[in-house]
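Architecture at a glance
Residues per chain, in single letters:
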Amino acid sequence: MKRSIFRIICEVALFAAVVSSCGDFSTYDMLCENLSSPLAIDSTQPHFSWKILSSAQSFKQSAYEIQVASSEGALLSGDADLWDSGKVRSSDQIMVPYRGKALGQKTIAWWRVRVSGPFGKKSSWCAPQCFGVGILESGPMAGEFIGAAPGEGRSPILRKSFTIESVPPTAVLYVNTLGYHEAYLNGKKVAEDDVLNPAVSQLDKRSLIMAYDVTSLLQEGQNELVLWTGSGWYKKETFNAAYEGPLVKAELDAFSGSDVSVILSTDGTWEGTWSGYSDPGKWNFHGFNGEIMDARIFPASLESKDLSAMEWGPVDVVKVEGIVSSQQMCEPVRIQEALQPVSVEEYNDGWILDFGKVVNAMFEARLPQMPEGHVSTARFADYVYPNGMVDAVSSNTYISSGKEGGDTFANRFNHHVFRYVILEGLDQTPSASDFTALRMRTDYGKYSSFSSSDEDLNDIYNMVDHTLENLAFAGYMVDCANLERLGYGGDGNASTLSLQLMADVAPLYLNWLQAWNDSIKPDGGLPHTAPNPYTAGGGPYWCSFIVQAPWRSWMSYADPRVLERCYPTMIHWLDYVDAYTKDGLLTPWPDMPYRQWFLGDWAAPFGSVNVSDPKSVGLVNNCSLCQVYEDLVRIATVLGKDSDAEKFLQRLEALRKRIHEEFYNEEDGTYASGSQIDMTYPMLVGVTPLELESKVTEVLKERTANQYKGHLMTGLVGVPIITEWATLNGECDWFYSLLKQRDYPGYLYMIDNGATGTWEHWSGMRSRMHNCFNGIGSWFYQALGGIFPIDEGYRKVLIEPQIPEGLEEVDVSLDTPYGILKVHRNGLHLDVEIPVGVTAMIGGKEYRSGKRSVNLK
């Protein structure tokens, strides 16, 4: 039967109305390998990601089109000569793999994406995005490692003049440093905002290459390339350095279409000199000291005419063996905040500056004219004791030039953790405006936030957030940046979930986990830190970072590379674990030159909990191994290794049974020593039989109330374990009461005693900005915000806020790979804003993108 004209008109009108209801939509925040326009990635198989902005409720991407071309002009003209995906019916928008023509080393390409909504309506193409494939591990880099002015921690300047007939369409400078570097071309800094390049790596196995677009800095005719270098971690005492100073290799390339040619590389024709900077510290435990800066030697500028006034000599060409070089795959370190002192007061024979909060920063000082060779110092402390004494663990030394107008000194290749700076040797009262703390970190995105109607909770959250932001720098997260500066796996496990909720640190974790892969020993043993420059303490929980962190990263960012690259290391480490497993339980392994101790928990309140109790140590480490097997079951499943997943599941079930048999005390319903971690860890990892969970929980709460006086009485490992258990089991009132305690030990005790960063010990001993107790950060998002990922990358989430008695209002913004997910609760009313690409389960119903209001029962 023919349809009537009226019906056809109605159908067309309905279709037009439906298409119109899609609203306007567009793509934004395009990423390649989780980086914005990376000039040099470490793979020929990139992944692309994008976010979608839509004015319509419940918008869903129905398809995407990606085009990749060898030039921007070709891409804009529609000539996708490297890859045209065509229309792909898919809602995927995170880490979509490239499937085009083979890419090679030193390739620059351009890409763009457009997406379709319901009924085929298309967005506009996004603006062209650039990415490049850098120098790969399999491909040699031009040039040789060179150094100059060796010994005494000196920081050399290296330079080379060269001539070009014309400026190429694109010029890329690749710099591979054993140590740190700053690059200057024709007197201008190549990466003006960067400091401490490159990121960390296991320097006896790997060095990282930085790539810079220097096209705009080149000029026809004469040019000069300058490399200012510092040793940093590259020392005999740390990574068995091949030279008594930093080494650098550089290659300057001209790109013209598909042709790439080397303009300049490092060799024996370069010249070098001492810069006037020295860093004689050993860069080991308590050995970070600071920099000695001699203004009599400083170059007046990095211009050729001023550099020529210095004394120059030949460079040393050094052969370096046994390491690979690869592109840095995380953001650089950049200055985030410039702080000036809130007060300047007399202190003994000098002055003390108070910056108001503890920071991980470089320090800049403008000092008045003083006699040539005059020595003054700045000592750095994170705390002033009630008696006025300070425990300064590092210092800078300033040697004046005697020149009119004075001298400006600033850290270049080292940094300090401080709130207070003690100035000594000045001949006049200093002005606060002459001193600046330059707070820095890896330049990752940071858009998550938390606030509530309880100012105590806000203060605790802000302290944890500030601490983690200061400790996540240089491509890893450290325990403390002033005393050890190590990427401890235990501290990492404790804080990874918190940090990944608070910031977009996907590239940082890719870099850090690469160092863990490089640190494994031939027998499968792992250190407790990565990189691993010197012996450090810990236990199996520390080593298990190689399994836990990749899984957390997969769930946070849906980046398959962390699972694929780390899986062989995970399996190799399990061989080592098996060698020390007896009667079905993991037993202590020996100290090694690269690693010591076999800890369970660590840094619990002194005198209240015995973390060295053998029963507790055994329980904690075997429960940690349960977590490893739980994650490996999931990881193997994602990677399609079903037989491995089944094997790990069998191991997990057997280990759970053995732990309960060995460590459960039937007479009093406790595990091992009965501490909070000993009670919660077995329940968290499925050791406790279901019929005993209520009893064990009751005993835990009774012991907390009576024996521990309502306090969180645990250490580094216990904080995240108890937090996760309380979150998953809805114990928000109990956990809230722990956080609200104002006396020792507790977070409010820290704050009431002047803390602006979390402490290394509950008592305040040692570092006042440390990664021991930041594992509670996840509770603010997952319990109070109620946000749990169901699928990787938050593609599907559960939103189920927990409501402690007396907490009226909570406001959470979580930065997901799809955009900001917002949850605001006021009483029992919930307002949610869901980014495109995320499906949220709220009250048993599914919701897609847009703003939603729900009344909770």
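Up top is the structure.
Residues numbered from 1 in each chain as written. Predicted model: local features only at pLDDT ≥ 70, side-chain atom pairs only at ≥ 80, totals over all residues. Heavy atoms only, no water.

Looking at the overall build of the protein chain
Our working definition: Numbering goes from the N terminus for both helices and strands, where a helix is a DSSP run of H or I of at least four residues and a strand is a run of E of at least two. Radius of gyration means the value over C-alpha atoms here, while the globule rule gives 2.2 Å times the residue count to the 0.38 power. Here's how the labels work: a residue is buried when its accessible area is under 20% of the maximum for its type, exposed when over 50%, partly exposed in between, all with a 1.4 Å probe on protein chains only. Contacts between residues were defined by any pair of non-hydrogen atoms, one from each residue, lying within 4.5 Å. Using a 1.4 Å probe, the Shrake-Rupley method yields the accessible areas, and only the shown protein chains count as cover for residues. Two residue types count as positive, namely Lys and Arg, and two as negative, namely Asp and Glu; His and chain ends fall outside the count. To locate a charge, take NZ of a lysine, CZ of an arginine, CG of an aspartate or CD of a glutamate.
Counting its regular elements, the protein chain contains 18 helices and 47 strands. Since a compact globule built from 857 residues should have a radius of gyration of about 29 Å, the 29 Å found for the protein chain is in line with a globular shape. By principal-axis analysis of the C-alpha atoms, the protein chain measures approximately 85 × 80 × 55 Å. Residue burial in the protein chain is summarised as follows: out of 857 residues, 61% are buried. Pairs at least 24 apart in sequence give 73% of the contacts found in the protein chain among residues at least 6 apart. As displayed, the protein chain offers around 31,900 Å² of accessible surface, 48% of which is attributable to carbon and sulfur atoms. Counting 70 positive and 107 negative side-chain charges, the protein chain places the averaged centre of each group 7 Å from the other.

What to know about the environment of glutamate 691
Checked against the element boundaries, glutamate 691 lands in helix 14 (residues 690–706). Glutamate 691 gets classed as exposed once you look at its relative accessible area, which sits at 66%. The sequence separation of glutamate 691 and valine 68 amounts to 623 residues, and the corresponding C-alpha distance is 58 Å.

Considerations on the packing of helix 11 (residues 614–638) against helix 12 (residues 642–663)
The condition that has to hold: Axis geometry follows a simple rule: fit a line to the C-alpha atoms, using only the stretch in contact for helices, then measure angles between N-to-C directions, giving values from 0 to 180 degrees. Convention used here: angles under 35 degrees read as roughly parallel, angles over 145 as roughly antiparallel, angles from 65 to 115 as roughly perpendicular, and any remaining angle as oblique. Handedness of a crossing is defined here by the sense of rotation of the near helix relative to the far one, left-handed for an anticlockwise turn of less than a right angle and right-handed for a clockwise turn. Classes in brief: Ala, Val, Leu, Ile, Met, Phe, Trp, Tyr, Cys and Pro nonpolar; Asp, Glu, Lys and Arg charged; the others, Gly included, polar.
Following both chains from N to C, one finds helix 11 and helix 12 inclined at 160°, their axes separated by 8 Å at the closest point. Taken together, helix 11 and helix 12 sit at an angle that is classed as roughly antiparallel. The hand of the helix 11/helix 12 crossing is left-handed. Grouping the amino acids of the contact of helix 11 with helix 12 by side-chain chemistry returns 15 nonpolar, three polar and seven charged.

Considering the environment of glutamate 702
Along the chain, glutamate 702 falls in helix 14. Spatially, the C-alpha atom of glutamate 702 lies 31 Å from that of glycine 757, the residues being 55 residues apart in sequence.

Description of the sheet that holds strand 45 (residues 839–842)
As a general point, the strands of a sheet are linked pairwise by backbone hydrogen bonds and lie either parallel or antiparallel. In plain terms, the rule: Strands were regarded as paired on the criterion that DSSP finds at least two bridges between them.
Strand order in this open sheet of four strands is 40-41-45-46, and the pairing throughout is mixed. The open sheet terminates on both sides in strands that have one partner only, identified here as strand 40 (787–789) and strand 46 (845–847). With direction set aside, neighbouring strand axes in the sheet form an average angle of 30°. When strand 45 meets strand 46, the two strands line up antiparallel, connected through three bridges. When the bridges of strand 46 are listed, methionine 841 appears paired with glutamate 846.

A word on the sheet that holds strand 31 (residues 449–452)
Overall, antiparallel pairing links the five strands, which are arranged 31-42-43-44-47 in an open sheet. With partners counted over all chains shown, the strands left at the sheet margins are strand 31 and strand 47 (850–855), one partner each. Each strand axis lies, on average, 10° off the axis of its neighbour in the sheet, ignoring direction. In this structure, strand 44 (residues 829–834) lies alongside strand 47, joined through six bridges in antiparallel fashion. Across the sheet, residue leucine 830 finds its bridge partner in strand 47, namely valine 854. Helix 18 (residues 777–784) rests against strand 31 and strand 42 (809–816) of the sheet, and its axis sits at about 105° to strand 42.

Observations concerning unusual backbone geometry
In the segment running from alanine 530 into proline 531, the intervening peptide bond is cis, with an omega of -5°. Here proline 531 is to be found in the loop between helix 7 (506–519) and strand 34 (536–537). Of the consecutive residues tyrosine 744 and proline 745, the connecting peptide bond is found in the cis state with omega at -5°. Look at asparagine 34: it is not a glycine, yet its phi comes out positive at around 65°.

Here we look at the packing of aromatic side chains
Put simply, the test is: Stacked, tilted and edge-to-face are the three classes assigned to paired rings of Phe, Tyr and Trp, where Trp is represented by its six-membered ring and a pair needs centres within 6.5 Å; plane angles under 30 degrees give stacked, over 60 edge-to-face, the rest tilted.
The tally for this structure, following the rule as stated, stands at 45 aromatic pairs. Centroid distance tryptophan 589 to phenylalanine 598: 5.5 Å. Interplanar angle 85°. Geometry classified as edge-to-face. Overall, tryptophan 589 belongs to the buried group, its relative accessible area being 4%. Considering the side-chain rings of tryptophan 762 and phenylalanine 773, the 4.1 Å spacing of their centres and the 15° angle between planes classify their relative orientation as stacked. Note that tryptophan 762 is positioned in the loop between helix 17 (747–752) and helix 18 and phenylalanine 773 in the loop between helix 17 and helix 18, a separation of 11 residues in sequence. Summarising the burial analysis for this pair, tryptophan 762 and phenylalanine 773 share the class buried.

Side note on the packing of helix 6 (residues 489–502) against helix 18
Look at helix 6 against helix 18: their axes get within 7 Å of each other, and the N-to-C directions meet at 65°. Considering only the axes of helix 6 and helix 18, their crossing is left-handed. Where helix 6 approaches helix 18, its residues Leu497, Ser498, Leu501 and Met502 are matched on the opposing element by Gly777, Ser778, Tyr781 and Gln782. Of the residues belonging to the contact of helix 6 with helix 18, the class tally is four nonpolar, four polar and no charged.

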